[in-house]
Amino acid sequence: MNSKLLANYDMAPVDWSDIAIFLAIYEAGSLLAAADRLAMSQPTVGRRLSALESRMGVQLFARTGRRMVPTDIARAIEESARKMHREMLSIRRSADGAASGLNGQVIISANEGTGSEWLVPVLADLQRTYPDIVVDLRIESRTADLVQREADIALRMGRPTQLDLITRKLATVGFGFYASAEYLEARPPIATFSDLSGCKWIWGVFGPGRTDLLGDFLRENQVLFDVAMRTDSPTAQLRAVCEGMGVAVLSHRWATKQRCLRRILPDVAAATFELWLVTHEDLRHSARIRAVADHISAAARRDAHLFESGVATDIEEPRE
């Protein structure tokens, strides 16, 4: 490091939480983006940065419009800041992992559909059993970083490969072709792949790596397609199909609950994904996190057939 640049740094007391703010601005490149990442207001992030710079006696970022450009001192301390942040997170995980009480906050990251539609009733059952556990449910398309404590538990499509994570397979999620009854009544019957070529399509790009489920499948089967709408939101895609805009690849669990929808080519599996529950290994001894993970896992086992085919089992486990 440049000793001249850091002349005032060694004498300045720094709150560890300020390191997270520094790194968020460094990585995001703006106060607004950093505030979104930290779930804080932009003015608060700006004030915390100004206070940090004042205590250190240096300027960490040059303001260029809305962009925050790291100065030489910021670049000089970046790696040390990351090391401090990793150690801080490790201490927090260890402390949380040793917690034995069935109370406190548990952050869960999940995507649309699974998180917003299936998981909420599961969490309602959880709340009745463990009223002192507060769930912070975050519906997001991105992959939350559990090592950075962006979540305690994550539900992911596809098995994670990141180290230091504990994974549980919850279910196999099946996808098929669906359209509204109104849309199908207005066109010739669809009995073969060639009949799909005359359809309008609601194009959804999401899932692991923002997978193009529809495009991959149709190209493989040499089906010509005419796109009516594109979206990165499963909720918007489902709504568009219900409104009769065209055909889409939807999860059986979600689509079969919509009375307006009909499955096309029911013998064809358009795609399948595995749904996994993920936690960090440092949290394996936390009673509240283990209780939430076990509760979600039990509900997924109960609904395994629903995830795979869209049909619930004849006998369901009673509510707790």
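This is a predicted model, so every value here is computed, not measured.

Student: Looking at this model, I keep getting lost on the packing of helix α2 (residues 31-38) against helix α3 (residues 42-56). Mind explaining?
Tutor: How two helices sit against one another is set out by the angle between their axes and by the gap between those axes. Closest axis-to-axis distance for the α2/α3 pair is 8 Å, and the angle between their directions is 105 degrees. Classified by the interaxial angle, the pair formed by α2 and α3 is roughly perpendicular. For the pair α2 and α3, the contacting residues are L31, L32, A34, A35 and L38 in the first and Q42, V45, G46 and L49 in the second. Split by residue class, the contact of α2 with α3 holds seven nonpolar, two polar and no charged.

Student: Please explain the nonpolar core as it appears in this structure.
Tutor: In a soluble, globular protein the nonpolar side chains are often hidden away together inside. In terms of nonpolar packing, the biggest core is built from 44 residues, with W118, L119, L155, F177 and I296 touching the most fellow members. Listed by contribution, the elements that provide at least two residues to this core are β3 (104-110), α5 (114-129), β5 (153-157), β6 (165-180), β7 (200-204), α8 (213-220), β11 (271-280) and α11 (287-302). Counting 23 residues, the second-largest nonpolar core is a separate cluster that includes A24, A28, M56 and I77.

Student: How do you make sense of the pattern of salt bridges when you look at a structure like this?
Tutor: Two side chains of opposite charge can pair, provided their charged atoms sit close to one another. Throughout the structure, instances matching the rule amount to 16 salt bridges. A salt bridge links R75 to D72, with the nearest nitrogen and oxygen atoms 3.8 Å apart. Here the residue R75 and the residue D72 both occupy positions in helix α4 (residues 72-97), the gap between them amounting to three residues, near one helical turn. Residue class for R75 comes out partly exposed when judged on its relative accessible area of 45%. Where D125 meets R128, a salt bridge forms, and the shortest distance between an N and an O atom there is 2.5 Å. Of this pair, D125 and R128 are both found in helix α5, three residues apart, which corresponds to roughly one turn of the helix. Here the residues in one salt-bridge network are E27, R37, E78 and R82, joined through shared partners.

Student: What is the right way to look at unusual backbone geometry in this model?
Tutor: Note: most peptide bonds trans; most residues except glycine with negative phi. Positioned with a positive phi, L265 is a non-glycine residue whose angle comes to about 50 degrees. Note that L265 resides in the loop between β10 (261-264) and β11.

Student: Please explain the side chain of Q237 as it appears in this structure.
Tutor: Here Q237 is to be found in helix α9 (residues 234-242). A relative accessible area of 3% places Q237 in the buried class. In this structure the side chain of Q237 is engaged in a polar contact, spanning 3.1 Å, whose partner is the backbone oxygen of I202.

Criteria and thresholds
- Residues numbered from 1 in each chain as written.
- Predicted model: local features only at pLDDT ≥ 70, side-chain atom pairs only at ≥ 80, totals over all residues.
- Heavy atoms only, no water.
- Axes fitted to C-alpha atoms, helices over the stretch in contact; angles between N-to-C directions.
- Helix = DSSP H or I, 4+ residues; strand = E, 2+ residues; numbered from the N terminus.
- Parallel < 35°, antiparallel > 145°, perpendicular 65-115°, else oblique.
- Contact = heavy atoms within 4.5 Å.
- Nonpolar A, V, L, I, M, F, W, Y, C, P; charged D, E, K, R; others polar.
- Core = buried A, V, L, I, M, F, W, Y, C linked by side-chain atoms within 4.5 Å.
- Buried < 20%, exposed > 50% of the residue type's maximum accessible area, 1.4 Å probe, protein only.
- Salt bridge = Lys/Arg side-chain N within 4 Å of Asp/Glu carboxyl O.
- Polar contact = N/O pair within 3.5 Å; in protein donor to acceptor, adjacent residues only side chain to side chain.

On their own, these measurements won't tell you what the molecule is for.
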